[in-house]
Amino acid sequence: MTPRIRLALFSLFAGSLCLNAAARAENLFTQSGKVIQLERAGKYAEALPLAQTMVTALEKGPPSRDLAGALNNLGQVYGGLGQDAVAEPIYKRALGILEKAAGLDSVDMAPELTNLAALYQRQARYAEAEPLFKRALALRERSLPPGHPDVGQSLNNLATLYERQDRHSESEPLFRRALAIYQKVPGAEPAVATLLNNLGQVLKAEGRYADAEPPIRQSLAIREKVLGRDHIDVARSLNNLADLYLRQQRYVDAEPIFQRALAIRDKTVGPDHPDTAASVNNLASLYQAQGRTADALPLVERVTAGGRAQLGVALAVLHDAQQKQLMPAEKAFDSALDVIQHGAQSSAASAMNKLAVRIAAGSDHLAELVRRDQDLASEAERLDKAIIAALSRQGSPRDAATGRERLAAVGAERASLQKTLAKEFPDYAALSNPLPLKGRDVQALLSDDEAMVLFALADKESFVLALTRDRFDWRRIPLGTDALSQRVYTFRRGLDVGKASDSSGKAGLFDLGLANELYASLFGPVEALVKDKRSLLVAPSGALTALPFHLLVTEKPLAAIPDMIEGYRNAAWLLKRQAISVLPSVSSLKVARGVAQRDRATKPMTGFGDPVFDPSEDRGKRRTASRNVTNLAYTDFWQGAGVDRGRLAQALPQLPDTADELKEVGKDLGVAASDIHLGADASETTVKQAPLADYRIVYFATHGLVAGDIKGVAEPSLALSIPKVPSLLDDGLLTSSEVAGLKLNADFVVLSACNTIAGDRPGAEALSGLARAFFYAGARSLLVTHWSVDSEAATRLATSTFDLLKAEPKLGRAEALRRAMLAYLADSSSARNAYPALWGPFALIGEGAADVPH
């Protein structure tokens, strides 16, 4: 429950018109002043028609700096009203006009860059906001005197961004520099108040409460005197002060201050504004801390209805309300599901929803139109990022100009498509934004032998929710986000195939004790409800998306690390009890089982493996290589504007055994030899030209590269044969964005490669990247790997899984994978077979059943 730090938008830079001498007509200047005055007073509803009128008037002439300034004003007003989706394209239009009128190096670009960055910050798009804030600061420091207030404003904005990310050591000196500038500027009291408030926020976040109170109180006093007691900025200082008292457990002092802040926001920006919702959440948190659940509940219900409930506060209140019988159990559970679904929609889940919309379209023609619209939307997003990168000096002006031309064409085509879809597919809009599922909706999707468990992580505590076909339950987990993240990190440290040996126990091996502790924390509270079900469907969030749930241990082990490697064989692995499927979200279960009703592809499988990374190598003399290379990152091979193919070829060992893997699986499934692509034929060109929608299984057996973050281009990728002459079609790496462009109709996509569950960048949600792309392309389920795999083990596990499915078609993919892993674990021909890093790398993402259970 961290109050927002206020961005210092307090002089004409933030919303003023850049009027040149020829355009300073008195009426426009007067209107501009009125808009700015109303903005400063927080009267955005009154400012809106004036700002719109100015834009309309200036649009009658050619694009100009005046129009850019008017658009900037209008974007500010919409942002103040909490309508960022409307404000964002307005800011970008203003930037495009200014770029042509003034050039990328003009200090006139700084206000628009600042406002767009502020919008990104409000949406927690920090990686996009930072280069824009830095660019604005650089322009001002280069063009203006060191003590100029606009330099101070840019320092404040960058510091605010850092503070949002808990980068206190970086934010505090910037805030102090900005404060020193504004304290010397006559009439800058509102700016000084903003800096004092922000500085107090830093000190408070660091636990320096005695130091934090004076600047916050000074900020409040200045704002009340200069702006008036009911100004929107006064509410910010009040909120910050009340939060300080809440942290100090000074509840009696905090309550009237939180109430006053809420009253101001209700009056000035309205009940539906994000700032008002923040105040409602804050007051609910205070009441919850005092044990006043009855007072907190109506506040939580208010923000839940608008989709703005703070997850940690809302779940705590709803859970206590159920326990105290203040609301029916089913209603409390449904409200908790609502909060979770609004607050955590992974990119993989979003991709599955898009696939569901295409399926719902029905006819091939209509589904193709929907797919085209979705592809254009994705392209527009990529173009937009490229344009913003150019504006923040990460690209060239030519990139921005070319991108805008294409973006305009994309916009025109989408507008035409939307009209067609509205006429032929009127349910498109509703299906594109599905309502959250209720508990009974989820239960109706489950078979008698299934249980679903989902997790919601918050700062101080987390929650586990469990459902079966006829029962539900939810409980607290006394571990917050940071604690669980650290435990997952420690848990994964032992999962290195290099540590599997016949030697005695040693440091760094997999910790069975921690695996049992995590099981007790995560599943223990709902164990009675789920333990007897054959199949377990898990919807994780945050750090838990990187947790291989099947390696949790259900009983306390005799020793955390066995004396001998063979000791791992006897552990009470969760896998021994249940087959496990991982779902990107709650709603993805409905999507997966709705999608399963579509017409199945006609051919059994196509596969790609044993690619050629180094054409000069003698393929006849290769030794079998392990897929246990290091966690290779795309960025390790980035050179200038492309991939250093020579270095990549040297780093990637050949994988001749993957040919055996594909042939063996293909033989079991009756796959034609022409559908197995090996060696040089396992290329991007082959993949992109193959009729992939004809195959029920699409299989990749190769190296996977995790994502990097170089120039916003590097993506998680599959390594295929490296061509002698690279092209846009084929450079040897099948990236996630290229995967998204494929057309699949696959029951199963197998990614028998390293790290294919990894996210888009270090620290990213794990069910992103390749998983998202394959779901979008048309996969119903994925078999992916959690870490760098042993090649022989991967071959054996995959082959065994498909052998089992062939023998028992109704077994289900998750159960077949479970049995394959258990067979490997039980093989005592080698002690190392017992080590979980060898037999446990695979995870089933998506639909794990053989077919829809109803």
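Residues numbered from 1 in each chain as written. Predicted model: local features only at pLDDT ≥ 70, side-chain atom pairs only at ≥ 80, totals over all residues. Heavy atoms only, no water.

1. Brief notes about the confidence of the model for the protein chain
Where the model shows low pLDDT, its predicted coordinates should not be examined in detail. Note the threshold: For every residue, the predictor assigns a confidence score, pLDDT, that lies between 0 and 100. Should any heavy atoms of two residues lie within 4.5 Å, those residues are counted as being in contact.
Per-residue pLDDT for the protein chain averages 83, and the proportion of residues at 70 or more is 82%. Scored below 50 in pLDDT, residues 1–24 makes 89 contacts in the model with residues more than four places away or belonging to other chains. Scored below 50 in pLDDT, residues 708–713 makes twelve contacts in the model with residues more than four places away or belonging to other chains.

2. So, unusual backbone geometry
The general pattern is negative phi for most residues beyond glycine and trans for most peptide bonds. Where we set the bar: Under the scheme used here, helices are H or I runs from DSSP no shorter than 4 residues and strands are E runs no shorter than 2 residues, and both carry numbers assigned from the N terminus. Burial classes: relative accessible area under 20% of the type maximum marks a residue as buried, over 50% as exposed, and values in between as partly exposed (1.4 Å probe, protein chains only).
Positive phi values are uncommon outside glycine, yet alanine 124 reaches one of about 65°. Residue placement: alanine 124 occurs in the loop between α6 (110–122) and α7 (126–143). Overall, the relative accessible area of 46% leaves alanine 124 in the partly exposed class. Not every positive phi belongs to a glycine, and aspartate 610 is a case in point at roughly 45°. Counting through the fold element by element, aspartate 610 comes out in strand β6 (residues 603–611).

3. Here we look at the nonpolar core
Soluble globular proteins: nonpolar side chains tend toward being buried together. Defined as follows: Definition used in this section: a nonpolar core is a set of buried Ala, Val, Leu, Ile, Met, Phe, Trp, Tyr and Cys residues joined via side-chain atoms within 4.5 Å.
Core analysis: the biggest nonpolar cluster contains 120 residues, and Leu315, Leu318, Met452, Leu454, Leu465 and Trp474 have the highest contact counts within it. Sort the elements by how many residues they give to this core and helix α12 (residues 232–247) lands first, with nine residues. Formed by 75 residues, the second largest nonpolar core is a distinct cluster that contains Phe455, Val530, Ala571 and Tyr835.

4. Some words on the packing of aromatic side chains
Rule in force here: Ring geometry is summarised as follows: Phe, Tyr and Trp rings, the Trp one being its six-membered ring, pair when their centres sit within 6.5 Å, and such pairs are stacked at plane angles under 30 degrees, edge-to-face over 60 and tilted between the two. Remark: a charge is flagged as sitting over a ring if the NZ atom of Lys or the CZ atom of Arg is within 6 Å of the ring centre and within 35 degrees of the ring normal.
With the rule as written, the count across this model stands at 14 aromatic pairs. Between the aromatic rings of tyrosine 519 and phenylalanine 523, the centroid separation amounts to 5.8 Å while the plane-to-plane angle is 15°, which identifies the pairing as stacked. Here tyrosine 519 and phenylalanine 523 have matching classes, each one buried. A ring pair is formed by tyrosine 699 and phenylalanine 802, whose centres lie 6.0 Å apart and whose planes are at 45°; its orientation type is tilted. With tyrosine 699 in strand β10 (residues 695–701) and phenylalanine 802 in helix α33 (residues 791–807), the pair connects residues that are 103 residues apart, well separated along the chain. Taken individually, tyrosine 699 and phenylalanine 802 each receive the classification buried, so the pair is uniform in this respect. In textbook terms, an aromatic cluster arises when at least three aromatic residues are bridged by ring pairs, as seen for Phe455, Tyr519, Phe523 and Phe549. Here the basic side chain of arginine 796 rests over the ring of tyrosine 824, its NZ or CZ set 4.4 Å away from the ring centre.

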